[in-house]
Amino acid sequence: MVTTNILGDVTRQVLGDQATVTTLMQPESDPHSFEISAQQAASMSSADLVVSNGLGLEEGLQQHLERAAAAGAPMLVAGEVIDVVPYSSGDAEGAPDPHFWTGHGHDRRRRRPRGCRRGN
């Protein structure tokens, strides 16, 4: 189970036909305010893996992510396993940018998970 459609696409590319990937947010959804149904929230706790962005992006899902983790669902928080690109200006300058998947002009090599080389 994956929170955002972009991470859903990445997860499908990595897993291929090895698993069914369920994406909670549809394209054009605002990840900061997106909410899920009670049925979706319950299914997170029994998922084989829950993939999320982290870094505060999925504010509306945070309680459900925490509940799934407490229930023992395996969690992969992308923002914890990549070298995140920081904001380069404004009030948040230097803070990790939770929009790292959608940022334009960032060095793509910095967004590859740690330990992975090009082609992996």
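Structure: see above.
Throughout what follows, the structure given in this document is the object of discussion. Since the structure is predicted, the reported quantities are computational estimates derived from the model, not experimental observations.

### Quick notes on the overall build of the protein
Along the protein, the regular secondary structure elements total 4 helices and 2 strands. For the protein, buried positions account for 34% of its 120 residues. Of all intrachain contacts in the protein linking residues separated by at least 6 positions in sequence, the fraction that spans at least 24 positions is 55%.

### Here's the deal with the side chain of Ser52
Positionally, Ser52 belongs in strand 1 (residues 50-52). Once you skip the residues sitting within four places of it in the chain, Ser52 turns out to touch Thr3, Leu7, Glu58, Leu65, Leu76, Val77 and Ala78.

### Describing the side chain of Asn53
Positionally, Asn53 belongs in the loop between strand 1 and helix 3 (62-70). For Asn53, a relative accessible area of 1% puts it in the buried group. In this structure the side chain of Asn53 is engaged in a polar contact, spanning 3.0 Å, whose partner is the backbone oxygen of Pro98.

### Here we look at helix 3
Those residues of helix 3 that sit buried are His64, Leu65 and Ala68. All buried residues of helix 3 fall inside an arc of 100 degrees around its axis, so they share one side. Looking one or two residues beyond helix 3, the residue adopting positive phi is Gly72, at roughly 100 degrees.

### Considerations on the packing of helix 2 (residues 38-45) against helix 3
The interhelical angle for the contact between helix 2 and helix 3, taken along N-to-C directions, is 35 degrees, at an axis separation of 7 Å. For helix 2 against helix 3, the interelement crossing comes out right-handed. Here helix 2 contributes Ala41, Met44 and Ser45 to the contact with helix 3, which in turn contributes His64, Leu65, Arg67 and Ala68.

What counts, and at which threshold
- Residues numbered from 1 in each chain as written.
- Predicted model: local features only at pLDDT ≥ 70, side-chain atom pairs only at ≥ 80, totals over all residues.
- Heavy atoms only, no water.
- Helix = DSSP H or I, 4+ residues; strand = E, 2+ residues; numbered from the N terminus.
- Buried < 20%, exposed > 50% of the residue type's maximum accessible area, 1.4 Å probe, protein only.
- Contact = heavy atoms within 4.5 Å.
- Polar contact = N/O pair within 3.5 Å; in protein donor to acceptor, adjacent residues only side chain to side chain.
- Arc of directions from axis to C-beta.
- Axes fitted to C-alpha atoms, helices over the stretch in contact; angles between N-to-C directions.
- Left-handed = near helix turned anticlockwise from the far one by under 90°.

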